[in-house]
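Here is what each chain is made of, one letter per residue.
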Amino acid sequence: MAVPLAFFAVFFAYPVAAIVGRGLRTGDGWQFGRLAAVLGRPDILGVLWFTTWQALASTALTLLIALPGAYVFARLDFPGKAVLRAVVTVPFVLPTVVVGTAFLALLGRGGLLDELWGIRLDTTVWAILLAHVFFNYAVVVRTVGGLWSQLDPRQEEAARVLGAGRFAAWRRVTLPALAPAVAAAALMVFLFTFTSFGVVQILGGPGFSTLEVEIYRQTAQLLDLPTAAVLTLLQFAAVGAILAVHARTVRRRESALRLVDPARTAGRPRGRGQWALLGGVLGSVTLLILLPLGVLVERSLDGPGGYGLGFYRALGSVEASGGTFLVPPLEAVGNSLRYALVATLIALVIGGLAAAALTRRAGPLVRGFDALLMLPLGVSAVTVGFGFLITLDKPPLDLRASWILVPLAQALVGVPFVVRTMLPVLRAVDARLREAAAVLGASPVRAWREVDLPLVRRALLVAAGFAFAVSLGEFGATVFIARPDRPTLPVAVARLLGRPGELNYGQAMALSTVLMVVCAVSLLALERIRTDRSGEF
Amino acid sequence: MRNSPVRLAAVALAAALGVSALAACGGSDSAGGSGDGGSGGKGSKTVTLVSHDSFNASPAVLKAFTAQTGYTVKVLKSGDAGEALNKEILTKGSPQGDVFFGVDNTLLSRALDNGIFTPYEAKGLGSVEAAAQLDADQHRVTPIDTGDICVNYDKKYFADRKLAPPASFDDLVKPAYKNLLVTENAATSSPGLGFLLGTAARYGDDGWQDYWKKLKANGVQVVDGWEQAYNENFSGSAGGKKAKGDRPLVVSYASSPPVEVLYADPQPKTAPTGVATGTCFRQIEFAGLLKGAKNEAGGKALLDFLISEKFQADMPLNMFVNPVVKGVALPALFTEFGATVERPETLAPAKIAANRDQWVQSWSSLVVK
């Protein structure tokens, strides 16, 4: 527990506390009066109100659309299922600059909706809500679907034999078993949409602002650190509350459920109802996820002389980017992979240790630690980034110019995923096995190697995949600290989009497609090694 | 027994860091020779230039600096212009580099009031336009380039409708141009702010709000950033065409038309976009030696170099700005496709400093809300 605690203290708590302190402390001491002053401002209250209701609406809409998907992925077999499951997870790790572009192409003027029915949704709250569904679909499918696929269908069948109707059986047997997973997924979606940044900024236009967007504006643009600090504390409190509720639902979920091998629960669709459901889910996935992704691919191929690979070829040279980069944009792929690899290693070690510590001890202190590990998911990247800037500037922690800062920041976001994936599996390992090994004379290391490792190996791989994908797509913190001669994929995309000219735009689309493919491939590899117990995401 | 996985993991972490360090070192650092870490101590051969994301220079020009002075330039891009400056203010006294480039006249007072620069009178300042020397008494900053924020128009749109494109601020509120203009949020975007300041300069403290009321009534659209306005909403840019942008007028730069030519393949005979030269606000960008710089001598040499003819002549095609040094020839692309802005609007930095935040606030409640 000491290693992950130290890691979080140095690379999370200290920088964040320093930047908040810079905002709230003047020569005369702490200025807690600022809290009330800022919270009394009507514009800030407006931001808080919008943040909350759009997150609630996004969560409801996501559940509505993704729950049928969770069922279909859990219980039905159809060709291409594994590929599709990987593809629906791709949005989760795509940078929002890219997604914003795709959504504008669909919902904006001249978009598909506009051409068919003359409907335009850009700069309305609908664009924000739909983009949130796009991003978080996978959270519901993976969390709820993962558990659903392992519930023994015979329990429901038994209820029906005893005379319950189909719906009653589902409501009495399956729903109670699923409810905690649904709650956990809903809370994660709420957390992600509550702290939404890029989607709101790009699709909402200047009329909409979430807390996270406001923190960014106040810090990076207006340099109003006191206001930013108050808003950060506010977001902290909100995220803390969400996580506390999340931790409770997760604990309730650990009640014993009879879980079975997912391969045995899924079957080919039967009956009109199941076919209709499958059709509906495939339709919504096509409209909401495949279509926006397809638009990006289409634009990356749409060169001046018709469709072709011109933009992809241009990615390989320095000259074509007109000096936007000191290296060919394609080198960003290598950079991204290298950074993500290191970030994954760090996240695995820190997250693995934390999960191990959490399994072996109990008590309120440990539960607090559990929530603490999740906190980076809800704290704005700009706060962490500026915190790094003012704290890690002296030896022995003079890391500001070091490449290691990028994977460290990425690992911070990866750790929660590792912990949540490893925890249920580790908790399921019977301590008596370990004790038996010790009694039989095995050294602790050997007991760990022979008992724990084989059991957690697959969970470890899945966690690694998640951490890797998240690191690959991480933008907020990376853009702060990535060195210009070593841009990552998302950073390179953003930079290309920041310059006029057809070639730059086309290259941005091509590079986004590359990022998409890299993500999909790593997620597909992950599909091959799914664990028998699902993670908590 | 309880500790064993911890120990094992610690070993793994150490190994992971070691391996990755090797991997990272293998791929790079051959060109710069800077080694890992910061810009080094006294007598270091590296000088670090901190700038915004738009900074670019030809590799050959940076090499010429090394040949001339023995210093290697390391560039650290630090976000957009406002963000990059704010980072320097936050890290005052313990800067990330030696020289900061990219504070413009709209933010100059914030930089100077926070005292992040050490005064230094760069060699060759005599040949820099006097109008650009806004800190001529103290030389805390050195002017490097100028550029104009102007409304750009889609030539094809206006030709198709046989409508003359707008030429001035006054034109933009005329009924003929209703629902045609897209601009950026003045609170978050530097061209957006520039355009607001242009109207304030043109119509004065009392008149600009009325002007914006008219502009709003005439259907101006406001989006958050330049990327979106230019690549999505504007119908004249390459990105906008693809995105089926429906606004033929956009707030961008006087140098945007040449860029549209440069990055098209094949390059067209004329630029697809033009500049409304009566809607321009003059931006001047400065560089300065950071207080607490580790390599002060190198920083001074770099400032001298930034206003040398070699660097000034290289700038236009890399950053699409105009040189501040008199007599430096503009590339043909600029003279052929760019617009000359005869009388851009200007505002004194002190005036901007005194009013900026309040103007942006009133603008937001007037136009966005």
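Keep in mind it's a predicted model, so treat the numbers as computed, not measured.

Definitions and limits used
Residues numbered from 1 in each chain as written. Chains lettered and ligands numbered in written order. Predicted model: local features only at pLDDT ≥ 70, side-chain atom pairs only at ≥ 80, totals over all residues. Heavy atoms only, no water. Helix = DSSP H or I, 4+ residues; strand = E, 2+ residues; numbered from the N terminus. Buried < 20%, exposed > 50% of the residue type's maximum accessible area, 1.4 Å probe, protein only. Contact = heavy atoms within 4.5 Å. Areas by Shrake-Rupley, 256 points an atom, 1.4 Å probe, with all protein chains shown as cover. Patch = residues over 30% accessible without salt bridge, like charges linked within 9 Å, V, L, I, M, F, W, Y side chains within 5 Å. Salt bridge = Lys/Arg side-chain N within 4 Å of Asp/Glu carboxyl O. Disulfide = S-S within 2.5 Å. Domains from an automatic or database assignment. Buried area = accessible area lost by both parts, 1.4 Å probe. Axes fitted to C-alpha atoms, helices over the stretch in contact; angles between N-to-C directions. Left-handed = near helix turned anticlockwise from the far one by under 90°. Nonpolar A, V, L, I, M, F, W, Y, C, P; charged D, E, K, R; others polar. Expected span 1.5 Å × (residues − 1). Bend = angle between axes of the 7 residues up to and from the residue. Pairing = 2+ DSSP bridges. Phe/Tyr/Trp six-rings, centres within 6.5 Å; stacked < 30°, edge-to-face > 60°. Lys NZ or Arg CZ within 6 Å of the ring centre and 35° of its normal.

We now examine the overall build of chain B. In terms of helices and strands, chain B carries 14 helices and 10 strands. Taken across its 369 residues, chain B has 60% of its residues classed as buried. Excluding contacts between residues fewer than 6 apart, the proportion of contacts in chain B whose partners are at least 24 apart in sequence is 75%. Carbon and sulfur atoms provide 54% of the accessible area of chain B, an area that totals close to 14400 Å².

A cluster of nonpolar side chains, namely Leu 116, Trp 117 and Ile 119 of chain A, defines an oily patch on the protein surface of about 360 Å² accessible area. In this structure, Trp 117 of chain A sits in helix H6 (residues 112-117).

Right, let's get into the state of the cysteines. All names here are of chain B. In total, this model carries one disulfide over all chains according to the counting rule given. Paired by a disulfide, Cys 150 and Cys 280 hold their sulfur atoms 2.0 Å apart. In this structure, the disulfide formed by Cys 150 and Cys 280 twists by about 115 degrees around the S-S bond and is classed as right-handed. Placement of Cys 150 in strand E5 (residues 142-154) and of Cys 280 in strand E9 (residues 273-290) is noted, with a sequence separation of 130 residues between them. Per residue, the accessibility class of Cys 150 equals that of Cys 280, and both read buried.

Another point: the domain arrangement of chain B. Residue and element names in this part refer to chain B. Segmenting chain B into domains produces domain 1 (6-147 + 284-330) and domain 2 (148-282 + 336-358). Contact residues are listed per partner, giving 12 residues for domain 1 and 14 residues for domain 2. Buried surface at the junction of domain 1 and domain 2, both sides included, amounts to about 1200 Å², of which 58% is carbon and sulfur. Contact with domain 2 buries surface across domain 1, with Thr 106, Gly 147 and Phe 320 losing the most and accounting together for 46% of the total. Here domain 1 and domain 2 share zero salt bridges between them.

On to the environment of Phe 12 of chain A, then. Residues and elements named next belong to chain A. Assignment of secondary structure puts Phe 12 in helix H1 (residues 2-24). For Phe 12, a relative accessible area of 3% translates into the label buried. Phe 12 sits 129 residues away from Val 141 along the chain, and the two C-alpha atoms are 30 Å apart. Not counting chain neighbours up to four residues away, the residues in contact with Phe 12 comprise Phe 7, Leu 375, Pro 376, Val 379, Val 384 and Leu 412.

With that out of the way, let us pick up the packing of helix H7 (residues 125-148) of chain A against helix H9 (residues 166-194) of chain A. All names here are of chain A. Where H7 contacts H9, the axes come no closer than 9 Å and their chain directions differ by 145 degrees. Once H7 is placed against H9, the crossing between them reads as right-handed. Contacts from His 132, Asn 136, Val 139, Val 140, Thr 143, Val 144, Leu 147 and Trp 148 of H7 reach H9 at Trp 170, Thr 174, Ala 177, Leu 178, Ala 181, Val 182, Ala 185, Met 188, Val 189, Phe 192 and Thr 193. Of the residues in the contact of H7 with H9, the class split is 14 nonpolar, five polar and no charged.

Before going further, it helps to examine helix H7 (residues 190-217) of chain B. Residue and element names in this part refer to chain B. With 28 residues, H7 should cover 40 Å at 1.5 Å per step; its first-to-last C-alpha distance of 24 Å lies more than 12% under that length. The largest bend in H7 comes to about 120 degrees, at Gly 204. Phi turns positive, to about 85 degrees, at Gly 219, one or two residues after H7.

A separate point is the pairing of strand E3 (residues 99-104) of chain B. Residue and element names in this part refer to chain B. Among the six residues of E3, six are classified as buried, and the element is accordingly described as predominantly covered. Pairing analysis gives three bridges linking strand E1 (residues 46-51) to E3, with the strands arranged parallel. Of the residues in E3, the one forming a bridge with Val 50 is Phe 100. With five bridges connecting them, E3 and E9 associate as antiparallel partners. Residue Asp 104 lies in a different strand from E9, and its bridge partner there is Glu 285.

What follows concerns the packing of aromatic side chains. Scanning all chains against the criterion turns up 26 aromatic pairs over all chains. Both rings, one in Phe 50 of chain A and one in Phe 208 of chain A, keep their centres 5.0 Å apart while their planes meet at 25 degrees; by these two values the pair is stacked. Remark: Phe 208 of chain A occurs in the loop between helix H10 (198-204) and helix H11 (211-221) and Phe 50 of chain A occurs in helix H3 (residues 42-75); sequence separation between them is 158 residues. Put simply, the rings of Phe 169, Phe 195, Tyr 203, Tyr 211, Trp 212 and Trp 363 of chain B pair up and form one aromatic cluster. Positioned above the aromatic ring of Tyr 157 of chain B, the side-chain terminus of Arg 161 of chain B is 3.8 Å from the ring centre. Taking NZ or CZ as reference, Arg 202 of chain B lies 4.9 Å from the ring centre of Tyr 203 of chain B, over its face.

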